[in-house]
Amino acid sequence: DPRVEARKTGFRDGEYYENEFRPMNPSEHIAAINRSGVPVYQWSAWFDIYTRDAFRWLENLEAPNRLTLGPWGHGTSDPKNERDRFYRIELVRWFDYWGIDYWGIDNGVLEEPPIHYATMVDPDTWTWTTADTWPLPEAKSVSYYFSEGPSGSVSSVNDGVLSPESPSQEEGEDAYQVDYTTTTGAESRWANGYGAPMDYPDMTENDRKGLTYTTEPLSEDINVTGHPVVTLYISSTASDGDFFVHLEEVDAKGYSHYVTEGVLRASHRALSDAPYDNLGLPFHGCNENEMETLSPGDVASLVFDLFPTSNVFNAGNRIRITVTCADQENMETPELTPPPTVRLYRNRQYSSHVSLPIVESGVKN
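Residues numbered from 1 in each chain as written. Predicted model: local features only at pLDDT ≥ 70, side-chain atom pairs only at ≥ 80, totals over all residues. Heavy atoms only, no water.

What about the pairing of strand 11 (residues 242–250)?
On any regular strand, side chains alternate: one points to one face of the sheet, the next to the other face. The buried fraction of strand 11 amounts to 9 of the 9 residues, a majority that puts the element mostly inside the structure. Burial of strand 11 is two-sided: the residues Asp242, Phe244, His246, Glu248 and Val250 facing one way and the residues Phe243, Val245, Leu247 and Glu249 facing the other way are all buried. Direction of pairing for strand 11 relative to strand 12 (residues 256–265): antiparallel, over a ladder of 9 bridges. Paired with Glu249 across the strands is His257, a residue of strand 12. Taking the residues between adjacent antiparallel strands as the criterion, strand 11 and strand 12 are bridged by 5 residues, where Gly254 takes a positive phi near 90°. The sheet contact formed by strand 11 and strand 15 (residues 318–324) spans 7 bridges and is antiparallel. Within strand 15, the residue paired with Val250 across the bridge is Arg318. (Buried < 20%, exposed > 50% of the residue type's maximum accessible area, 1.4 Å probe, protein only. Helix = DSSP H or I, 4+ residues; strand = E, 2+ residues; numbered from the N terminus. Pairing = 2+ DSSP bridges.)

Structure follows, in structure tokens:
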């Protein structure tokens, strides 16, 4: 059970991690891998548990390398059967170029852009795009702020609004008693990496149990491609807590589609320098001496990235952020009795928000 292993690990500098995990952690061997000069082809997916790591490897590998990401999970297929078909084609092309028994074929595979990815338009509709670098240089970070509702889109704890306008009021917060039954379902990206768009349930039931912030219906398509980054200003009656942030697309019928997510345990919120190129994203060392518990009444800042995605939020639909403090079927969060009360702040001084990497309106062709 990976949750048992994670519990043993504790900290990145803990004894169990040092003895069991560090020796086989690829990031510890980047220099040696680069010295080998071995070319690498990464095959990944937007709903994998290793999506973020694939882009880190792309940035840190010095030998010829390539990355393809589709709209599926670690081991799932798709309605078009593109995953299996493309995988076989690319496997042959890659090994043809480098050659078996030194008989390489100059098929131009290294002359192509190193990144091929699918931009999701609907759960069963996507378009393929290429890129030379990541994050995309044309992606612009746009902040959407958590604001007072109602949005009229969901009967959640607060039904807040997600707004491009930063808050101007001096006061503003949402109180939330933690609900430990919140979940992204039993077939998520965490379930052995088998999650895919069609495997996630309508997230509305989960949204009702958490704090939500939802835009008005969009007037035009919005292409989000890259790593969303969330900043939460919170306090809690407990000394620690897990914070889950889900990015969702709500269609005209009210169905809330899972897009991506991020999670951070509050005591590991300290930011530090990564030992490798981390794409400019927030990095948490998770070492024991960096651990910082929450003090009742004090406001803490949690800054972390969500798994990268490439998703078109269609005109007429809404963008939603849902904040919960548990994922019952996927994560082992300590349950307290009574459940703690969390406050999420959304005012001029403490303006909780999500920054979305927006490429342009519509699909990037």
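Quick look at the environment of Trp126
Along the chain, Trp126 turns up in strand 4 (residues 125–131). Take Trp126: its relative accessible area is 8%, and that puts it in the buried class. Discounting chain neighbours no more than four positions away, the residues touching Trp126 are Pro71, Asp78, Pro79, Lys80, Glu82, Ala118, Thr119, Met120 and Val121. Side-chain polar atoms of Trp126 contact the side chain of Glu82, separated by 2.7 Å. (Contact = heavy atoms within 4.5 Å. Polar contact = N/O pair within 3.5 Å; in protein donor to acceptor, adjacent residues only side chain to side chain.)

Describing the packing of aromatic side chains
Enumeration according to the criterion identifies 21 aromatic pairs in this entry. Ring geometry for Trp72 versus Trp128: centroids 6.1 Å apart, planes at 50°, classification tilted. Of this pair, Trp72 sits in the loop between strand 2 (65–70) and helix 5 (82–98) while Trp128 sits in strand 4, and the two are 56 residues apart along the sequence. Trp72 gets classed as buried once you look at its relative accessible area, which sits at 0%. Of the residues examined, Trp128 reaches a relative accessible area of 27% and is grouped as partly exposed. By way of ring pairs, the aromatic residues Trp43, Trp72, Phe86, Tyr87, Trp126 and Trp128 are connected into one cluster. Between the NZ or CZ atom of Lys80 and the centre of the ring of Trp126, over which it lies, the distance is 4.3 Å. It is Arg189 that lies over the ring of Phe307; its NZ or CZ is 4.1 Å from the centre. (Phe/Tyr/Trp six-rings, centres within 6.5 Å; stacked < 30°, edge-to-face > 60°. Lys NZ or Arg CZ within 6 Å of the ring centre and 35° of its normal.)

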